[in-house]
Amino acid sequence: MTRSSLGFILRAAELLNKKTARLDDQDLKRFVQSFLDRRESFLGLIRGHGSPLYAVDTAALTLRVKQFREAFLAAIPEAKFFFALKSNSHPLIATTLVRKGFGLDVSSGRELEAAIDHGAQDIVFSGPGKLPEELEIAIRHSSHVTVLIDSFGELKRLEEVASRMDTAVRAGVRITTDESGIWRKFGIPLDSLGKFFESADGCRHVNVCGVQFHLSWNMNSEPHVIFLARLGSELGRLGNKFRRRIRFIDIGGGYWPEAGEWLQPAATPEGVLRTAMSEELMSPHEHYWRPSAPITDFAQHIGQALRKHLPDDMKCAIYAEPGRWLCHDAMHILLTVVDRKAPDVVITDGGTNAVGWERFETDYFPVINLSRPGLKEHGCLVAGSLCTPHDIWGYSYFGDDIRPGDILLVPNQGAYTYSLRQHFIKPLPKSVELPRNHAHQAPALAPKNHSTT
């Protein structure tokens, strides 16, 4: 046996012995109960609008807005907020946030036009590979659009289009946070920042006055704190001439909801290994959890890092681009059981084209039977009606039984689902707002305790 093979075996043994944290059963039941307490509101939507449905929970969204704003303004008084439209492009989500004073973060010409239609007065336009016609839209609305330039080439194209339109445009530059991985498709290397500002000096129609970076899927503030130290060091070397031009630093989003990440067995490291070894996975009744920090922790630690690492002579606004954190529990999906093929196999009238990806093979969300409510979880393959075996909503349900005609709820489907929906085989659900007088005023967060196996 080679040394590398032995190392692989020892690492595999370590993964199998170091178990992922389990969701606490009682916390999970409390989470399910919080939706059963509102079952009549959800059932009323089905009676009035049919099935399947996206149920938009603007009360939950409004609460998240309040929590996020209070946390960041307490730690970073100069903060401004832009909702990442790609996380949920539903018009009601966007317009609610605009009414609450949020700007919008868009990543394409189509999203930019939608943001303008939603009445957003402050828009940041990010993303790689912006086409000239997309830049034209930004320039036509330059009074309330800031273009976050993704490359030296894009700086040149933006100047060419703005010059042709004889219009000045406000801009920032995106910095890549990973110069060697797949994330290097975004932005310029940090050590090229000075060269970029020198190039911008030759652009009469583009006012580069900010920098942006983005870190994704963060369970705590450590990635932001580490990169802010790097950014602060580079800004210190940049020199006063260019530092004085910086009016904003955009720290992106990527703040994971306090609920943490809920996982099916197949998504845990030990589950992935067992699948590769063709071993039977853990019970579908076992649900796993990666904890996430409260938003107050994110805000406090990022605020401390900004004060510690930015040069003392820099006074600028701080932009934040929350997406998932705000809309995670602002949309739910309602389905109807149309067929019971076996005691442990049912088919619903809605397919996972409603979320756009095979989410529930890896991510865990409880399927709740509103028609036969109960807090006992039963093993059952809950599938959609698409002609693909990957059309799965879950491997269990909460309830007393499950029969054709029953109404099922899949909660907290607000982030990276509606925006990814696909016109594949079957029609998409209609959407309707959950009545605010029946909406959940304190949406359940994560299980705050957990056990380990």
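Since we're looking at a predicted model, the values are computed, not measured.

Parameters at a glance
- Residues numbered from 1 in each chain as written.
- Predicted model: local features only at pLDDT ≥ 70, side-chain atom pairs only at ≥ 80, totals over all residues.
- Heavy atoms only, no water.
- 1 Å grid on protein atoms, 1.4 Å probe; cavity = no way out; pocket = protein on both sides within 12 Å on 5 of 7 lines; lining within 4 Å.
- Points joined across faces, edges and corners; volume = space filled by probe spheres on them.
- Nonpolar A, V, L, I, M, F, W, Y, C, P; charged D, E, K, R; others polar.
- pLDDT = per-residue confidence, 0-100.
- Contact = heavy atoms within 4.5 Å.
- Salt bridge = Lys/Arg side-chain N within 4 Å of Asp/Glu carboxyl O.
- Helix = DSSP H or I, 4+ residues; strand = E, 2+ residues; numbered from the N terminus.
- Pairing = 2+ DSSP bridges.
- Axes fitted to C-alpha atoms, helices over the stretch in contact; angles between N-to-C directions.
- Core = buried A, V, L, I, M, F, W, Y, C linked by side-chain atoms within 4.5 Å.
- Buried < 20%, exposed > 50% of the residue type's maximum accessible area, 1.4 Å probe, protein only.
- Phe/Tyr/Trp six-rings, centres within 6.5 Å; stacked < 30°, edge-to-face > 60°.
- Lys NZ or Arg CZ within 6 Å of the ring centre and 35° of its normal.

> Kindly report on the layout of surface pockets, identifying the contributing residues and their values.
In this approach the atoms are scanned with a rolling probe the size of a water molecule, which exposes any empty space left behind. Approximately 520 Å³ is the volume found for the largest pocket. Taken together, 29 residues line the largest pocket, and the ones lying closest to its centre are Lys86, Trp183, His214, Ser216 and Tyr416. Of the residues in the lining of the largest pocket, the class split is 13 nonpolar, eight polar and eight charged. Taken as a whole, the second largest pocket spans an internal volume of roughly 340 Å³. Around the second largest pocket, the lining is made up of 13 residues, and of these Ser89, Arg110, Glu111, Ser419 and Arg421 lie nearest the centre. Within the lining of the second largest pocket, the residues separate by chemical class into five nonpolar, four polar and four charged.

> Let's hear about the confidence of the model for the chain: which residues, and what values?
Overall, the prediction assigns the chain a mean pLDDT of 92, with 90% of residues at 70 or greater. For the stretch residues 441-453, pLDDT sits under 50, and the model shows 40 contacts to residues farther than four places along the chain or on other chains.

> Run through the pattern of salt bridges, naming residues and quoting values.
This model, assessed by the stated rule, comprises 21 salt bridges. Where arginine 290 meets glutamate 261, a salt bridge forms, and the shortest distance between an N and an O atom there is 2.6 Å. Of this pair, arginine 290 sits in strand β11 (residues 288-290) while glutamate 261 sits in strand β10 (residues 261-263), and the two are 29 residues apart along the sequence.

> So what's going on with the sheet that holds strand β12 (residues 317-320)? Which residues, and what values?
The strands making up a sheet are joined through hydrogen bonds of the backbone, oriented either antiparallel or parallel. Read around the closed barrel, the eight strands follow the order β3-β4-β5-β6-β7-β8-β9-β12; overall the barrel is parallel. Neighbour-to-neighbour, the strand axes of this sheet turn through a mean angle of 30°, independent of strand direction. Of the strand pairs in this sheet, strand β4 (residues 103-106) and strand β5 (residues 123-125) are connected by three bridges, and their pairing is parallel. When the sheet's bridge partners are listed, aspartate 105 is paired in β5 with valine 124.

> So what's going on with the nonpolar core? Which residues, and what values?
Core analysis: the largest hydrophobic core is formed by 97 residues, its most contacted members being Phe72, Ile249, Ile251 and Tyr255. Every residue in contact with tyrosine 255, bar those within four places of it in the chain, is listed here: Phe68, Phe72, Asn218, His224, Ile295, Phe298, Ile302, Ala320, Pro322 and Trp325. Formed by 24 residues, the second largest nonpolar core is a distinct cluster that contains Phe42, Ile46, Ile368 and Phe398.

> Outline the pairing of strand β14 (residues 345-348), listing residues and values.
Pairing geometry for strand β13 (residues 331-342) and β14, over four bridges, is antiparallel. In the sheet register, arginine 340 faces β14, and the bridge partner there is valine 346. What sits between β13 and β14 in their antiparallel hairpin is a turn of two residues. For β14 and strand β16 (residues 377-383), the ladder comprises three bridges, and the chain directions are parallel. When the bridges of β16 are listed, valine 346 appears paired with valine 382.

> Explain the packing of aromatic side chains to me, using residue names and the numbers behind them.
By the definition in use, this model includes 22 aromatic pairs. Between phenylalanine 72 and phenylalanine 81, the ring centres sit 6.3 Å apart and the planes meet at 85°, which makes this aromatic pair edge-to-face. Side by side, phenylalanine 72 and phenylalanine 81 carry an identical accessibility label, which is buried. Ring centres of tryptophan 183 and phenylalanine 186 lie 5.3 Å apart, and the angle between their planes is 40°; on these two criteria the pair is classed as tilted. When its relative accessible area of 32% is taken as the criterion, tryptophan 183 is described as partly exposed. Phenylalanine 186 gets classed as buried once you look at its relative accessible area, which sits at 18%. By way of ring pairs, the aromatic residues Phe68, Phe72, Phe81, Phe102, Tyr255, Phe298 and Trp325 are connected into one cluster. The cationic tip of arginine 64 hangs over the ring face of tryptophan 325; the distance from NZ or CZ to the ring centre is 5.7 Å. Positioned above the aromatic ring of phenylalanine 125 is the side chain of lysine 130, whose terminal nitrogen or guanidinium carbon lies 5.5 Å from the ring centre.

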